[in-house]
Amino acid sequence: MMLIGEETGELDKLFDEVGAFYEEQVDYEVARLGDSIEPVLIVCIAGIVLVLALGVFLPMWNISQVAMTAH
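Residues numbered from 1 in each chain as written. Predicted model: local features only at pLDDT ≥ 70, side-chain atom pairs only at ≥ 80, totals over all residues. Heavy atoms only, no water.

Student: In this structure, what is going on with a negative patch on the surface? I would like to understand it.
Tutor: On the surface, Glu10, Asp12, Asp16 and Glu17 cluster together into a negatively charged patch. Counting through the fold element by element, Asp16 comes out in helix H2 (residues 11–70). Judged by relative accessible area, Asp16 falls into the exposed class, the value being 55%. (Patch = residues over 30% accessible without salt bridge, like charges linked within 9 Å, V, L, I, M, F, W, Y side chains within 5 Å. Areas by Shrake-Rupley, 256 points an atom, 1.4 Å probe, with all protein chains shown as cover. Salt bridge = Lys/Arg side-chain N within 4 Å of Asp/Glu carboxyl O. Lys, Arg positive; Asp, Glu negative; His and termini not counted. Charge placed at Lys NZ, Arg CZ, Asp CG, Glu CD. Helix = DSSP H or I, 4+ residues; strand = E, 2+ residues; numbered from the N terminus. Buried < 20%, exposed > 50% of the residue type's maximum accessible area, 1.4 Å probe, protein only.)

Student: I keep staring at a nonpolar patch on the surface and nothing clicks. Help me out?
Tutor: A cluster of nonpolar side chains, Leu50, Leu54, Val56, Phe57, Leu58, Met60 and Trp61, forms an exposed patch at the surface whose accessible area comes to about 670 Å². You can see Trp61 is positioned in helix H2. Residue class for Trp61 comes out partly exposed when judged on its relative accessible area of 47%.

Student: I would appreciate a short explanation of the packing of aromatic side chains in the present structure.
Tutor: Two measures describe an aromatic ring pair: the distance that separates the ring centres and the angle between the ring planes. Scanning the entire structure with this criterion turns up 2 aromatic pairs. Plain terms: the ring middles of Phe21 and Tyr22 are 5.3 Å apart, the flat faces sit at 70° to each other, and that makes the pair edge-to-face. By relative accessible area, Phe21 is classed as partly exposed at 43%. For Tyr22, a relative accessible area of 53% translates into the label exposed. (Phe/Tyr/Trp six-rings, centres within 6.5 Å; stacked < 30°, edge-to-face > 60°.)

Right, here's the structure in full:
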């Protein structure tokens, strides 16, 4: 491509086109990566919420079991 740009004398326009092409490709790949990571992040956040909820509710269930066996 550089050879053609040098022959036609429009090397700067050629580099602008190549830069625009690769910039578009990078933008597309970043968007695709974001779409791929989103479900993984949702599962991770759900796991963290589950651990926190169990940390709160398991002691309460244990206390209720102890209270029922005491009667």
